[in-house]
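# Structural overview
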Amino acid sequence: MRNLLCVAIVSLAALLALGCSSGAGPGSGIGPAASISISPKSVTLESGDTRSFSATVTDAGGQQVTAAEVTWSADAAIGSIDSATGVFTAAQVTAITVGRVTAKAAGTALSATADVTVTATAESLGYAGSPACLSCHADKHGPWSQSSHALSLRGYQPGLPGVPDPWGGGIDPSGVAYVLGAGAYARQFLIPDTEGRELLVHPSRYSVASGAWSAVHPDDWQNRPWRVHCAGCHVTGFDESIQAPRPFAEPGVGCEACHGPGAEHVASGSEADIPSLRPADGEITAARAYDICASCHSRGRSPSGVYQFAEGFVPGAELSDHFTPVAEGDAEAFWPRAVGAPLVSRLNYQQAIDLRQSPGHGSCMDCHDPHGPTGFRAQLREAPETDALCLGCHGEMAGAEHSHHPVNAGVPTVTCVACHMPRTATSALPQDIASHAMLPIPPSATALTLGQPEAMPNSCMSAACHQQADPARPAMPVYPFDATGVAAAQAQWNLWYGG
Ligand code: HEC
Ligand code: HEC
Ligand code: HEC
Ligand code: HEC
Ligand code: HEC
Ligand code: HEC
Ligand code: HEC
């Protein structure tokens, strides 16, 4: 029944068309414009992209009216279009913007529209990129460019220093898009998925320290897109709305990852166009300044549960609106907590969670400077092998009276960092990352994990101390990593520091 009706309508149209075309002049065979269609009908573009639209005007018989004139227009929010050629240029937008492009057949009432979605690019969000800061801030750019922040993500090219040679782990280097990891610990490799829309983390990880390859998520790595699991912490200006292999302004942790978008400041060179991150200058509170570092140096999830990092966070924002850190009960992230002992991280990038336990230390900047000229390990203000880093503020703790350890030629045999920041968390090698809880870990805390495949270290029995006899330090007591050793070490602790 429905088909019959359609036939009837079509033949009526054909009749009408015939009638009209007879007036169009002999030989042409083409009637006046009866319909118009547009191509593409729907498209997603990035800010600044150009795209040609085309329109086809047909007569009632479906014949193309080649001579028909078409004029173009577009909603101002999505961009501009050449009214004669249909060449469209997407506007610079800061959030996904939808609108329409319209084609009109001149001299008729016929029109057709296409749906256009314009997504932001990092550039349209106002980033300039770290190279743009060099000309005026060479003193900051120099030390930063050597840091793990700058080198954390690099486009792969043959000969990149520190990249494994020969390659292993079943990796074909010609398929590698980016190298992840600055080089102090481990390296991972990003490869495009089969459709070229996403980057994936290759399931082989290379330990710079040991030279060994290990498997990471060998079974489900193809279901773990990098943009969801990793991106926000290893790039600058990550934009969730961009679904492309480069959803960010700059690879690595650039100047603007901490300072925020700086294009306006670069153009003006005026101090007023970029906030000072020093709380003392009154443009940011100490808590919001802490949140900048904490946005990447904390393990957790976005409130939506989608991202493994802070979603939509920009420097100056309140981190808790964008991120929920791992809970204390997470057995993967933390060692079991003993009474009277700090909560101790067993995984890397949890420094900001650790440090919150130390009310005296409200800023990472007390000890680190991301563009300091010192060249010390981990961009510290003083070498961690000396006590100068801590004694600047804790002068009264110098000497054997507090540490109870001998002082040779004026230099203590054990540093503040050895007892207060033992290495407890794992990145490339077991326990290669320092605890930032600042509070020493008593031996009794270790008792909770004895007998397990991996036992929790403590301040006395950490990698270099009191675990085994050392010919260079014959007087050093040895506390074996068992219940007896732990009990003996705890007895000594109680004697010195109270139970
Ligand atoms: C055309 C020169 C110029 C460029 C390019 C430039 N700056 Fe500046 N910047 C200045 C001047 C001048 C000041 C004020 C004096 C100072 O602190 O050095 C300043 C100050 C700053 C401050 C301190 C603001 C304050 O209120 O204390 C920050 C942070 C900063 N710039 C970051 C950046 C970053 C990040 C970039 C690159 C995205 C950049 N600048 C590029 C000229 C420039
Ligand atoms: C956008 C994310 C991000 C932000 C913001 C960030 N970091 Fe980092 N940071 C990283 C990553 C990623 C690495 C490790 C890079 C690597 O090894 O590949 C790192 C490494 C470091 C290191 C080791 C440096 C070295 O050269 O060994 C220190 C120290 C550090 N960050 C301190 C800070 C401080 C302090 C702040 C705030 C002022 C901060 N970070 C802000 C992501 C970030
Ligand atoms: C990891 C975060 C981080 C990165 C990356 C970073 N900065 Fe900073 N920057 C800070 C913080 C925090 C301060 C505030 C200094 C303080 O508290 O002593 C600061 C201060 C500054 C200042 C102002 C005052 C001064 O002399 O201390 C300038 C200028 C500046 N940064 C420029 C840059 C430039 C240029 C880059 C890139 C080459 C860069 N920063 C990269 C965190 C960062
Ligand atoms: C919440 C932020 C964050 C997320 C998400 C994140 N990282 Fe990192 N990553 C860091 C920080 C900070 C460091 C350096 C400090 C540390 O290791 O304690 C780091 C270090 C690294 C390193 C250097 C070597 C090492 O092991 O320390 C590699 C490689 C790395 N990350 C790969 C990844 C991969 C792959 C993902 C996704 C599966 C990822 N990261 C997700 C913040 C993050
Ligand atoms: C910029 C100054 C500064 C530096 C540098 C500094 N501290 Fe502190 N620290 C403080 C302040 C302030 C307090 C709180 C008042 C107090 O207990 O003296 C504190 C408190 C402490 C406490 C007591 C408990 C706590 O966590 O609040 C310990 C332990 C400690 N610091 C260890 C260290 C060690 C170890 C270093 C070196 C790695 C160090 N500090 C470096 C300023 C500093
Ligand atoms: C009181 C001093 C102090 C403060 C405050 C501090 N750090 Fe550290 N940090 C250190 C020392 C010392 C080391 C080196 C430990 C070692 O070599 O054994 C270090 C190492 C690191 C490393 C290298 C990886 C590792 O653990 O070995 C990163 C990353 C880091 N700190 C990030 C941060 C962040 C982020 C903050 C703020 C949330 C912060 N630190 C606050 C003293 C400090
Ligand atoms: C042999 C290990 C050891 C060394 C070395 C050591 N400390 Fe401690 N420190 C401790 C212990 C243990 C405590 C008490 C912790 C507790 O009660 O939970 C402590 C407590 C502290 C406190 C808090 C004091 C208070 O009154 O609450 C500060 C501050 C401190 N140490 C700073 C330092 C500094 C600075 C250095 C380096 C000059 C240093 N420590 C070296 C083991 C050590």
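As the structure is a computational prediction, the values presented were derived from the model and not from experiment. (Residues numbered from 1 in each chain as written. Chains lettered and ligands numbered in written order. Predicted model: local features only at pLDDT ≥ 70, side-chain atom pairs only at ≥ 80, totals over all residues.)

Now for the overall build of the protein chain. Scanning the protein chain from terminus to terminus reveals 15 helices and 23 strands. Since a compact globule built from 499 residues should have a radius of gyration of about 23 Å, the 32 Å found for the protein chain marks it as more spread out than a globular shape. Expressed as lengths along the three principal axes of its C-alpha atoms, the size of the protein chain is roughly 115 × 55 × 45 Å. In the protein chain, buried positions account for 32% of the 499 residues. Sequence-distant contacts in the protein chain: of pairs separated by 6 or more residues, those separated by 24 or more amount to 53%. (Helix = DSSP H or I, 4+ residues; strand = E, 2+ residues; numbered from the N terminus. Rg over C-alpha atoms; globule rule 2.2 N^0.38 Å. Buried ≥ 20, exposed ≤ 12 C-beta atoms within 10 Å, placed from the backbone. Contact = placed C-beta atoms within 7 Å.)

So, on to the site of ligand 3. Around ligand 3, a shell composed of 17 residues is seen, among which Cys 133, His 137, Cys 255, Cys 258 and Pro 370 lie nearest. Of all the elements in the fold, those that place two or more residues in the shell around ligand 3 are helix H3 (138–145) and helix H7 (255–259). In terms of residue count, the dominant contributor to the shell around ligand 3 is H7 (4 residues). Partitioning the shell around ligand 3 into residue classes produces 9 nonpolar, 6 polar and 2 charged. If you count residues domain by domain, the shell around ligand 3 takes at least three from each of domain 2 (124–274) and domain 3 (326–457). (Near = placed C-beta within 6 Å. Nonpolar A, V, L, I, M, F, W, Y, C, P; charged D, E, K, R; others polar. Domains from an automatic or database assignment.)

Okay, unusual backbone geometry next. In this structure, Pro 40 follows Ser 39 across a cis peptide bond, with omega equal to -5 degrees. For Pro 40, the position within the fold is in the loop between strand E1 (33–39) and strand E2 (42–46). Positive phi outside glycine occurs at His 217, with the angle close to 45 degrees. By the secondary structure assignment, His 217 is in the loop between strand E15 (213–215) and helix H5 (226–229). At His 404, a residue that is not glycine, the phi angle is positive and equals roughly 65 degrees.

Ordered by their spatial adjacency, 4 strands build an open sheet running E2-E9-E8-E5, and the pairing between neighbours is mixed. Each end of this open sheet is capped by a strand with a single partner; those strands are E2 and strand E5 (70–74). Geometrically, the sheet is characterised by an average inter-axis angle of 25 degrees between neighbouring strands, direction not taken into account. (Pairing = 2+ DSSP bridges. Axes fitted to C-alpha atoms, helices over the stretch in contact; angles between N-to-C directions.)

Another aspect to go through is helix H9 (residues 286–294). All of the buried residues along H9 are Ala 289, Tyr 290, Asp 291, Ile 292 and Ala 294. Against the buried residues of H9 lie H7 and helix H10 (351–355).

Turning next to the site of ligand 6. The immediate surroundings of ligand 6 are formed by 20 residues, with His 297, Ala 352, Cys 364, Cys 367 and Ala 434 found nearest. At the level of elements, H10 and strand E23 (433–434) are the ones that each hand at least two residues to the shell around ligand 6. Considering every element that reaches the shell around ligand 6, the biggest residue donor is H10, with 3 residues. Tallied by class, the residues present in the shell around ligand 6 amount to 13 nonpolar, 5 polar and 2 charged.

This next bit is on the nonpolar core. General note: in soluble globular proteins, nonpolar side chains tend to be found buried as a group. If you look at the biggest cluster of nonpolar residues, it comprises 66 residues, and the most contacted ones within it are Phe 53, Val 101 and Leu 190. Excluding residues within four positions of it along the chain, Val 101 makes contact with Phe 53, Trp 72, Ala 74, Ile 81, Phe 88, Thr 113, Ala 114 and Val 116. One finds Cys 416, Ala 418, Cys 460 and Ala 489 within the second-largest nonpolar core, a separate group that totals 18 residues. (Core = buried A, V, L, I, M, F, W, Y, C linked by C-beta atoms within 7 Å.)

Attention shifts here to the environment of Pro 40. Its 13 C-beta neighbours within 10 Å are what place Pro 40 among the partly exposed residues. As for Pro 40 and Val 116, which are separated by 76 residues in sequence, their C-alpha atoms are 9.4 Å apart.

What follows concerns the domain arrangement of the protein chain. Assigned domains within the protein chain: domain 1 (31–120), domain 2 (124–274) and domain 3 (326–457). Distance between the C-alpha centres of domain 1 and domain 3: 62 Å.

On to the pairing of strand E14 (residues 204–207), then. Pairing of strand E12 (residues 186–192) with E14, which is carried by 2 bridges, proceeds in the antiparallel orientation. The residue bridging Arg 187 from the neighbouring strand is Tyr 206, located in E14. Here E14 pairs with E15 via 3 bridges, running antiparallel. Directly across from Ser 204, in E15, lies its bridge partner Ala 215. Between E14 and E15, which pair antiparallel one after the other, the connecting turn spans 5 residues, and Gly 211 there sits at a positive phi close to 75 degrees.

Within the fold, Cys 460 resides in the loop between helix H14 (443–446) and helix H15 (483–497). The class of Cys 460 is buried, set by 26 C-beta atoms lying within 10 Å. Spatially, the C-alpha atoms of Cys 460 and Ala 418 are 8.7 Å apart, while their sequence positions differ by 42 residues. In this structure Cys 460 touches Pro 443, Cys 465, His 466, Tyr 479, Ala 489 and Trp 493, once residues within four positions along its chain are discounted.

Here 3 strands make up an open sheet; going across it, the order is E3-E7-E6 and the pairing antiparallel. Looking at the sheet topology across the chains shown, the edges are occupied by strand E3 (50–52) and strand E6 (79–81). Along the sheet, successive strands turn relative to each other by an average axial angle of 20 degrees, direction set aside.

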